[in-house]
Amino acid sequence: MTKESDKVTPWKVSGDLDYEKLIKKFGIRELDENMLKEIEKFTGELHFMLRRKVFFASRDLKWLLDKYKKKEKFFLYTGCGPSGPLHLGHLQTWIFTKWLQDKFDVDLWFQFTDDEKFLFKDKSYEEIQKWTYENMLDVIALGFNPKKTHFLVDTKHANLMYPEAIKIAKKINFSTIKAVFGLTDQANIGQIFYTSMQAVPAILPSVLAKKNIPCLIPLGIDQDAHFRVSRDVMPKLGFYKPAIIHGVFLPPLQGINGKMSTSNEGSAILTTDSPKEVERKIKKYAFSGGGTTLEEHKKKGGNPDIDVSFQYLKMMFEPDDEKLKKIEQDYRSGKLSTGELKEYTIKKINAFLKQHQIKREKAKKKVKKFLKSTKFSFE
Ligand code: TRP
């Protein structure tokens, strides 16, 4: 591993993001037109996040689809690290995951890594439990099918997970973990072990069913590291390697590089933000690709490629290709001003959040169901 690749690990993302470079470095496959056609054969249409390369790369996806064609259904697996309030970037992966669940009519195993966040953040165990619950509400609000969605909380389902985690851990050595994740000798020993916990849900349904079931993991590209390490282990334990589909990061408010993060107020829009708060953040922080003055903008036009508001529309909030194209053209030509683009983006985000927050309230009554279905499936 070169030093550069350490810039995109599960716990650190910095520097200019070059996704093409990451494809080569991580040895993953670009989601090219052929692969998109393969997906479309099964789904009948392509989610806009696929059309626009928000999900842009994969591992073993063709293999997974071939199995599906032969009536060997897969399950989906993704997760959430509960260390604070969630932001729009988190939801991006899960909105796409829900689409996959609906289109392929498959089960989803959803992991809450309370152990990870306790080990990696300077927060108490109790606080992490509070966020686990809060984050579950956001996940449920996205509308996952409760009959087919199984929540796993690492410390709560330790009885199920730990036997598999130690089998994985025994086949990974310390020097690999240090190299891949950039951990040093000062890392606490829980951190060194953690990757084996994140690997478990990729095989757990197979363990419970006592037969191999293919697995597809939608994730943000920074999470690939866990599976670069653990995928090699799976066949040694008699399981399939999980397939993966990789997403880009939703950019932070301040600029198109890096990823949205809750640690910095000028970076993230939270799922619980009020309409006023969203408006304030977009107006104050959202990096603009427009001209420095309105006059200059009208003359020379703006650059949507580096404009954060435009990127939010493209990646999440304007599914309509025609509308997006028009916004892009008008912004490039200068006909649409930064102020107008921001107003439109605020309106779109707030319309989404309004619904989300209503569903989030209703989710409070559903948490048990999602946890119970996990119990149910291992009876
Ligand atoms: N580690 C992830 C995070 O910090 C959470 C996670 C657990 C996850 N399992 C996953 C993400 C599988 C993607 C796929 O957010």
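These numbers were taken from a predicted model, which means no experiment stands behind them.

**Student:** It is not clear to me how the overall build of the protein should be interpreted in this structure. Could you clarify?
**Tutor:** The helix and strand tally for the protein stands at 19 helices and nine strands. Taking 21 Å as the expected radius of gyration for a compact globule of 379 residues, we find that the protein reaches 21 Å, a close match to that expectation. Over its C-alpha atoms, taken along the principal directions, the protein stretches across nearly 65 × 45 × 45 Å. The buried share of the protein, taken over its 379 residues, is 52%. A separation of at least 24 residues holds for 77% of the contacts in the protein among residues at least 6 apart in sequence.

**Student:** Explanation requested: the nonpolar core in the structure shown.
**Tutor:** One recurring pattern in soluble globular proteins is that nonpolar side chains are buried together. Grouped together as the largest cluster of nonpolar side chains are 78 residues, with contacts concentrated most on Leu50 and Tyr312. Excluding its chain neighbours within four sequence positions, the residues that come into contact with Tyr312 are Leu250, Pro251, Pro252, Leu253, Met260, Ser267, Ile269, Ile282, Phe317, Thr345 and Ile349.

**Student:** It is not clear to me how the side chain of Glu38 should be interpreted in this structure. Could you clarify?
**Tutor:** Inspection of the secondary structure assignment puts Glu38 in helix α2 (residues 33-43). By relative accessible area, which is 15% here, Glu38 ends up buried. Non-local contacts of Glu38, meaning those with residues more than four positions away in its chain, are made with Lys62 and Leu65.

**Student:** Would you mind showing me how to read the site of the ligand here?
**Tutor:** Not every one of the 13 residues close to the ligand is listed here, only the nearest: Tyr77, Gln111, Glu116, Gln198 and Gln223. Side-chain polar atom of Tyr77 to a nitrogen atom of the ligand: 2.9 Å apart, as the coordinates give it. Alone, the ligand offers 370 Å² of accessible surface; in the complex the protein occludes 91% of this. For the shell around the ligand, the secondary structure elements donating two or more residues are β5 (75-80), α6 (114-120) and β8 (215-220).

**Student:** I'm lost on the layout of surface pockets in this one. Help?
**Tutor:** Where empty space is left in the structure can be found by rolling a water-sized probe over the atoms. Taken as a whole, the largest pocket holds about 1,100 Å³ of empty space. Those elements giving two or more residues to the lining of the largest pocket turn out to be β2 (12-13), β5, α5 (88-104), α6, α10 (189-199) and β8. Top element by residues in the lining of the largest pocket is α5. It accounts for five residues. Split into classes, the residues belonging to the lining of the largest pocket amount to 21 nonpolar, 22 polar and seven charged. Tyr19, Lys53, Val248, Lys314 and Met315 are, among the 22 residues lining the second largest pocket, the residues nearest its centre. Every element with two or more residues in the lining of the second largest pocket is listed here: α1 (19-26) and α16 (308-317).

**Student:** Looking at this model, I keep getting lost on the packing of helix α17 (residues 321-333) against helix α18 (residues 338-363). Mind explaining?
**Tutor:** If you want to describe how two helices pack, look at the angle between their axes and the distance between the axes. Contact geometry of α17 with α18 gives a least axis separation of 11 Å together with a crossing angle of 160 degrees. What the angle tells us is that α17 and α18 run roughly antiparallel. Like other packed secondary-structure pairs, α17 and α18 cross with a definite hand, here left-handed. The segment α17 lies against α18, with Lys323, Ile327 and Tyr331 engaging Thr338, Leu341 and Tyr344. Class assignment for the residues of the contact of α17 with α18 results in four nonpolar, one polar and one charged.

Criteria and thresholds
- Residues numbered from 1 in each chain as written.
- Predicted model: local features only at pLDDT ≥ 70, side-chain atom pairs only at ≥ 80, totals over all residues.
- Heavy atoms only, no water.
- Helix = DSSP H or I, 4+ residues; strand = E, 2+ residues; numbered from the N terminus.
- Rg over C-alpha atoms; globule rule 2.2 N^0.38 Å.
- Buried < 20%, exposed > 50% of the residue type's maximum accessible area, 1.4 Å probe, protein only.
- Contact = heavy atoms within 4.5 Å.
- Core = buried A, V, L, I, M, F, W, Y, C linked by side-chain atoms within 4.5 Å.
- Near = heavy atom within 4 Å.
- Polar contact = N/O pair within 3.5 Å; in protein donor to acceptor, adjacent residues only side chain to side chain.
- Areas by Shrake-Rupley, 256 points an atom, 1.4 Å probe, with all protein chains shown as cover.
- 1 Å grid on protein atoms, 1.4 Å probe; cavity = no way out; pocket = protein on both sides within 12 Å on 5 of 7 lines; lining within 4 Å.
- Points joined across faces, edges and corners; volume = space filled by probe spheres on them.
- Nonpolar A, V, L, I, M, F, W, Y, C, P; charged D, E, K, R; others polar.
- Axes fitted to C-alpha atoms, helices over the stretch in contact; angles between N-to-C directions.
- Parallel < 35°, antiparallel > 145°, perpendicular 65-115°, else oblique.
- Left-handed = near helix turned anticlockwise from the far one by under 90°.

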